[in-house]
Amino acid sequence: MAIVTYRDALNQALREEMQRDDRVFLMGEEVGIYQGAYKVSKGLLQEFGEMRVVDTPITELGFAGVGVGAAMVGLRPVIEFMTWNFALLALDQVVNSAAKMLSMSGGQFNIPIVFRGPNGAALQLSAQHSQAWESWLAHIPGLKVVAPGTPYDAKGLLKSAIRDDNPVMFLEGEMLYNVKGEVPESEYTIPLGKAQVKREGDHVTIVSYGKMINVAQQAADLLAKDGIRAEVIDLLTLRPLDSETVAESVRKTNRAVVVEEGWEVCGIGAQVVDYVQRDCFDDLDAPVLRVHQVDVPMPYAKNLERAAKPDAQKTVAAVRQVLYLE
Amino acid sequence: MATKVTMEALSPTMEEGRLVKWLKAEGDAIAKGDVLAEVETDKAVMELVARGAGVLRARLAAEGDTRPVGELLAVIAEKDENIDAILKKAPAPAVPASSAPSAPSAPSASSASSASSTVVPQPTASTPPSHPNGGGRARSSPLARRLASSRGLDLGTLQGTGPGGRIIRLDIDAAASTELSGAPTAAAARTAAPVMRAAGDSEDIPLTQIRKTIARRLAESNGPIPTFFLTADFDLTSVRELRAQMIAMGDEFKVSYNDILIKAIATALSQHPEVNAHWLGDSIRRHHRVHLGMAVAVDDGLITPIIADADTKRISEIARESRELAKRARERKLAPEEYTGATCTVSNLGMFGIDEFTAIINPPEVAIFAGGAGGDVPVVLDGTLAVRTRVRITMSCDHRAVDGAMGARFMQTLRRLIENPLMLVF
Amino acid sequence: MARTRPPLPAPAEASTPAKKPESSDDAALRLSLLREMLLMRRFEERTAEAYALGKIGGFCHLYIGQEAVGAGAISALRPDDYVITSYRDHGQALARGLSPRSIMAELFGRVDGVSKGKGGSMHLFDRNLNFLGGHGIVAGHIPLATGVAFAIKYRGGDQVCLCFFGEAAVNNGAFHEALNMAALWQLPVIYLVENNRYGMGTALERASSVNDIAERACSYDMPNEVVDGQDVIAVREATQRAIARARGENTPTLLEVRTYRFMGHSMSDAASGTYRSKEEVDEYMKRDPITLLRAQMEQRGEWSDEKMAAIDAEVRATVEDAWNFADESPEPSLDALTEDVYVDTTSDTGTSASTGER
């Protein structure tokens, strides 16, 4: 298998889907002539032309709505947000238009659209540019939310997202774009709504997704040195969330830790914990613990930022606690 | 506010207890934490500690009485407090409460509800904190509750080792194996280092298909634990010499044959984790530490105190520890954590002149070693008759986990160690 | 921030295009537009009644007084063109040909409603008629119209998208973002402002720095026109001019159609009182679009009381039938609660509605 960056895996997915289906187009800020703010759309303008790779003004609400309108009448837009931080301006279109159209039209208008872009913090971008929005999005019925953490998953899931007939929120990561991994040359897709056991173990279940799956894996490596075998579950899709795969694992390990990039209150982890307490109540030998960003706007100073973010050490500490080792 | 003193479950399996000795008299002032009495459980003599303060107003059991768990033994209350309602509910005391005041009785409901604090008995050795929610429901993880229910265990009789005294899976496993074997051999929550305190202490090997088939077929043929036996003679000549040398070095190095055999078996177990294991039904737990149980006869039965990490201890340490444990076992002074958590067990009837015997495995352990009487026997060495000191050891193996060749290889290792005992010293 | 309120521009000042030669088709058209406006009027009157009886709930915005806008503009469209509008959408839905039965059933929250009872008054949709919905967030649907026009151009089609919204929406960012892109990308879309002078209770002059809304188009170098919204023919003809620009030249237009709402903003306020006087309402009611068209027809000798009575009876019967139909239509089954949240299809398998999923 070829070794490919996360960025190029996304680029491949976009190119292949645009070749496969001429209703698919990419729209957003700097996607065309600039080749993408993070170069995800490199070469696409040259291949597909400016009707299918559309540079927009800096007008997130506007072009998000343009995407929804185009989707209402049969196109399959991929709307790139330069980052999800800017997408907050567009949330009215995402929530009030994309998510609800099918229901409020009594099933007449489904919205096959992908909103994608980097989510969460990078490095030293301070408060307004370092936010993880997945719990906001996953709260909304009518949306699907996907957060891949590896190049393989990014490509397979983006292809599925583009083919899906519902609005799909696709959360990438600025810190992920250069991550390399194996990606098959041949065509493949990964189904939405299915979690993956990324590593098997029987002492504790670590549930994570997106960028944080790499943190979970690091933590599992550290734990292995102490003879602790952690099972690592990558949710991949946050809505609909595959609670059954989580439950299967927790029934085996009797304990779980959830790692997420965003804030604690009403976070994705809270939802996972809810499923676990419902599905695995009689299997739990310890309360489920969560690892997440400290409950503050992201600070700029390097040391403060590091302290605010979830990391492998914090994950290890939580695991030791649910194992009654502390 | 009155405090009821009741017979509490002082060991995982206790259903009733014998009041050995009152340490406080009626009328004595009682501070919280005072030892009120000694109570003999099925395993040991424990102390009953007061959790409330006041005056010991009534003793409702005589020394020597046996009382079921939960029955009222005494009442601690303020000097002038009316305790009639409490006393009325008590069973007829063997010794009448001589100084019960004869004040008009208060409505029983209010008196009973005012007796809200309880006495929690405490083993003589330190234990994890007891339930912080007072005499109410024991705190426990949902998993522990489910397991307890399916194994017929009463959570109220268990001591939790989790935070705040929470009963966790570990505690259930410990109690369940005690109950199964009738002898305490569980992988218990040891105060210092319970099994889960380090996940690296053991590993669970999932059963292969062939292993499942062996387990099922052999169990069908030979009872729940399909046991087979391996017996071998071991030459003790070198052991005898080593022992003589150690005794010559002084009393502190005085060791018995049995101590050396324990060290040898423990060392062999550390090299054969497949034998130093527990059968868990759907997996086999291999222990990376060796906690060797040592059967000790007491007047009316037997108990198996544990030499923890026996493979890493010096023979003289084992000697000292085993003497002390045996003595306290006979006095019934062992704390629960001193007789739970064995990974394997040794029994020796040599001192009774038994040449050889087969011992019964304590589940979930998968082997037990039975030592007979050592002695001089004629043997043929290099074609000539010679006299050698020999001992016969029989290994009982649970065939679900240990196959014949596996056990035989263990015995080979054991022979190498016993016949070259310097390997045990260095 | 008190501003003196400038005088209202007289509705008569609105531009009136030059008369075109008459034909017998024009007479038929006038009759049909009259019938359509009457249907809207009677439908909304019965809607108000049903609301008072508790058969309709929630927010409900009536079109009475503005009938000429929806009737005139939509009459200029082809069946394959698109219509999208805001929450004051009953009139436009009727003009586009949605059945009075299915609209009334939707208002009643019944299973035979156009949106199966899930949308209500503000969310009328009909995929078969390219009626892309009533939308509830002020200005939220304007970018959608731009997107529809983008899709038309993307596919190389010659349809247009007609987008209705009120004058209060022009102060919202979505309006400007959407118009900027439509002008920038030259998209076939007509933005039709129904300037009924009040955003709820706030007069145009108290909300907008510019009182001539058509001027807003100048920011985007977009053709624009002010139209008398009480004259159904004027509205139709202005829309036709905008459609010609859109179809032929991919050029968007901003039409400011000056009209007036005779009723309150929704069902929870009076027609006059706090923010506008009864005198003002009475004054505007003299320019009732139905009365104005009837006067034209009388002038041309196309009018007779018998014909009028017959049409009115027919329209009343249609509305009565809609009411009865809605009243008898069952409530949605509870199974429908979780339906139509997601479709369980992909681009490989086509579309069909399905149940929601966790």
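Residues numbered from 1 in each chain as written. Chains lettered and ligands numbered in written order. Predicted model: local features only at pLDDT ≥ 70, side-chain atom pairs only at ≥ 80, totals over all residues.

This next bit is on the overall build of chain C. Check the secondary structure of chain C and you find 11 helices and 10 strands. Put simply, chain C has 358 residues, and 49% of those count as buried. Contacts in chain C between residues at least 24 apart in sequence constitute 74% of all its contacts with a sequence separation of at least 6. (Helix = DSSP H or I, 4+ residues; strand = E, 2+ residues; numbered from the N terminus. Buried ≥ 20, exposed ≤ 12 C-beta atoms within 10 Å, placed from the backbone. Contact = placed C-beta atoms within 7 Å.)

Another point: the overall build of chain B. Counting its secondary structure elements, chain B contains 10 helices and 20 strands. Expressed as a percentage of its 426 residues, the buried residues of chain B come to 43%. Put simply, of all contacts in chain B between residues at least 6 apart along the chain, 65% involve residues at least 24 apart.

Across the contact, 42 residues belong to chain C and 40 residues belong to chain A. Among the secondary structure elements, those contributing two or more residues to the side of chain C that touches chain A are strand S2 (131-134), helix H5 (142-155), helix H6 (173-185) and strand S9 (339-343) of chain C. Ranked by residues supplied to the side of chain C that touches chain A, first place goes to H5(C) with nine residues. Considering only residue class, the side of chain C that touches chain A consists of 19 nonpolar, 14 polar and nine charged. (Nonpolar A, V, L, I, M, F, W, Y, C, P; charged D, E, K, R; others polar.)

Turning our attention to the packing of helix H2 (residues 67-74) of chain C against helix H8 (residues 232-249) of chain C. Residues and elements named next belong to chain C. Where H2 meets H8, the closest approach of the two axes is 7 Å, and the angle between their N-to-C directions is 40°. Taken as axis vectors, H2 and H8 run oblique relative to one another. H2 and H8 meet at a crossing whose hand is right-handed. Touching Ala68, Val69, Ala71, Gly72 and Ala73 of H2 are Val232, Ile233, Val235, Arg236 and Thr239, all from H8. (Axes fitted to C-alpha atoms, helices over the stretch in contact; angles between N-to-C directions. Parallel < 35°, antiparallel > 145°, perpendicular 65-115°, else oblique. Left-handed = near helix turned anticlockwise from the far one by under 90°.)

Once that is clear, we can look at the confidence of the model for chain C. Residue and element names in this part refer to chain C. Of all residues in chain C, 91% attain a pLDDT of 70 or more, and the chain-wide mean is 91. Per-residue pLDDT stays below 50 along residues 1-18; that stretch engages in 18 contacts with residues further than four places along the chain or on separate chains. Between residues 350-358, whose pLDDT stays under 50, and residues either more than four places distant or in other chains, the model counts 23 contacts. Across the whole predicted complex the pTM is 0.67, and at the interface the ipTM reaches 0.95. (pLDDT = per-residue confidence, 0-100.)

Residues and elements named next belong to chain B. Taken in spatial order, the four strands line up as S5-S4-S2-S7 in an open sheet, and their pairing is antiparallel. Unpaired on one side and paired on the other, strand S5 (45-49) and strand S7 (66-68) mark the two borders of the sheet. Between one strand and the next, the sheet's axes are offset by a mean angle of 40°, whatever the strand orientation. Where strand S2 (residues 16-22) meets strand S4 (residues 35-40), four bridges bridge the pair, whose relative direction is antiparallel. If you follow Trp22 over to S4, its bridge partner there is Ala37. (Pairing = 2+ DSSP bridges.)

Another aspect to go through is the environment of Lys309(A). Residue and element names in this part refer to chain A. Tracing the backbone through its elements, the reader meets Lys309 in the loop between helix H11 (302-308) and helix H12 (312-322). You can call Lys309 buried: it has 21 C-beta atoms within 10 Å. Remark: the alpha-carbon pair of Lys309 and Gln293, spanning 16 residues in sequence, is separated by 4.8 Å. In contact with Lys309, other than residues within four places in its own chain, are Ala121 and Gln293.

Turning our eyes to something else, we now look at the interface of chain A and chain B. Each partner contributes to the interface: chain A provides 15 residues, whereas chain B provides 14 residues. Across the side of chain A that touches chain B, the residue classes tally to seven nonpolar, three polar and five charged.

Our focus in this paragraph is helix H7 (residues 151-163) of chain A. What sets the pattern is the α-helix's 3.6 residues per turn: residues three or four places apart point alike. Residue and element names in this part refer to chain A. Relative to the 18 Å expected for 13 residues at 1.5 Å per residue, H7 spans 19 Å between its end C-alpha atoms, a close match to the ideal helical length. Among the 13 residues that make up H7, 12 are buried, leaving the element largely enclosed by the rest of the structure. For H7, the full list of buried residues reads Pro151, Asp153, Ala154, Lys155, Gly156, Leu157, Leu158, Lys159, Ser160, Ala161, Ile162 and Arg163. (Expected span 1.5 Å × (residues − 1).)

To continue, consider the packing of helix H4 (residues 100-107) of chain C against helix H11 (residues 305-328) of chain C. For any two helices packed against each other, one specifies the inter-axial angle together with the distance between the axes. Residues and elements named next belong to chain C. Two numbers describe how H4 lies on H11: the axes approach to 8 Å, and their chain directions differ by 45°. Taken as axis vectors, H4 and H11 run oblique relative to one another. Between H4 and H11 the crossing geometry is right-handed. Note on element contacts: H11 touches H4 through Thr318, Val319, Asp321, Ala322, Trp323, Phe325 and Ala326, opposite Pro100, Arg101, Met104, Ala105 and Leu107. Within the contact of H4 with H11, the residues separate by chemical class into nine nonpolar, one polar and two charged.

All right, on to the nonpolar core then. Ranked by internal contacts, the top residues of the largest apolar core, which has 220 residues, are Val319(A), Val148(C) and Cys163(C). With nine residues, the top contributor of residues to this core is H5(C). Excluding its chain neighbours within four sequence positions, the residues that come into contact with Cys163(C) are Ile84(C), Ile142(C), Ala145(C), Val189(C), Ile190(C), Tyr191(C) and Leu192(C). Counting residues in hydrophobic clusters, the runner-up holds 82 residues, among them Ile260(B), Leu261(B), Ile284(B) and Met395(B). (Core = buried A, V, L, I, M, F, W, Y, C linked by C-beta atoms within 7 Å.)

As a further point, take helix H9 (residues 243-253) of chain A. Residue and element names in this part refer to chain A. All of the buried residues in H9 are Ser243, Val246, Ser249, Val250 and Thr253. The buried residues of H9 all sit within an arc of 130° when viewed along its axis, so they share a single face. Check the buried side of H9 and you find it contacts strand S9 (196-199), strand S10 (204-208), strand S11 (230-234), strand S13 (256-259) and helix H10 (268-279). (Arc of directions from axis to C-beta.)

Attention now moves to the sheet that holds strand S8 (residues 253-258) of chain C. All names here are of chain C. Reading across the sheet, the six strands line up as S2-S1-S3-S4-S8-S7 and stay open at both edges, with parallel pairing between neighbours. Looking at the sheet topology across the chains shown, the edges are occupied by S2 and strand S7 (224-228). Neighbour-to-neighbour, the strand axes of the sheet open up by a mean angle of 15°, direction not taken into account.

Next up on the list: unusual backbone geometry. Both trends apply: most residues other than glycine have a negative phi, and most peptide bonds are in trans. With omega at -5°, the peptide bond leading from Arg239(A) into Pro240(A) counts as cis. Structurally, Pro240(A) can be placed in the loop between strand S12 (237-239) and H9. Note that the residue after Pro363(B), namely Pro364(B), is joined by a cis bond; omega there is 5°. Structurally, the position occupied by Pro364(B) is in the loop between strand S17 (344-348) and strand S18 (367-371). In this model, Glu30(A) sits at a positive phi of 65°, which is unusual for a non-glycine residue. Within the secondary structure, Glu30(A) sits in the loop between strand S2 (24-28) and helix H2 (44-48). We classify Glu30(A) as partly exposed; it has 17 C-beta atoms within 10 Å. With a phi close to 50°, Asp309(B) is a non-glycine residue in the positive phi region. With respect to the secondary-structure elements, Asp309(B) resides in the loop between strand S16 (306-307) and helix H8 (315-330). For Asp309(B), a count of 15 C-beta atoms within 10 Å puts it in the partly exposed group.

All names here are of chain C. Going residue by residue along strand S1 (residues 82-85), you find Tyr82 and Ile84 tucked away on one face and Val83 and Thr85 tucked away on the opposite face as well. In this structure, S1 lies alongside strand S3 (residues 161-166), joined through three bridges in parallel fashion. From the neighbouring strand, Tyr82 faces S3, where its bridge partner is Cys161. Bridge count for S1 against S2 is two bridges, and the pairing is parallel. If you follow Val83 over to S2, its bridge partner there is Phe131.

Right, let's talk about the environment of Gly157(C) for a bit. All names here are of chain C. Note that Gly157 resides in the loop between H5 and S3. C-beta crowding within 10 Å serves as the criterion here: with 15 such atoms nearby, Gly157 is assigned to the partly exposed category. Taking the C-alpha atoms as reference, Gly157 lies 9.7 Å from Pro188; in sequence the two are 31 residues apart.

The next point concerns the environment of Val232(A). With respect to the helices and strands, Val232(A) occurs in strand S11. On a C-alpha basis, the gap between Val232(A) and Val246(A) in space is 9.7 Å, while along the polypeptide they are 14 residues apart.

As a further point, take the confidence of the model for chain B. Residue and element names in this part refer to chain B. Summary statistics for chain B give a mean pLDDT of 79 and a share of 82% for residues scoring 70 or more. A low-confidence stretch, residues 93-135 (pLDDT under 50), is modelled with 96 contacts involving residues beyond four sequence positions or located in other chains. In the model, residues 181-197 has pLDDT below 50 throughout and makes 55 contacts with residues more than four positions away in sequence or in other chains.

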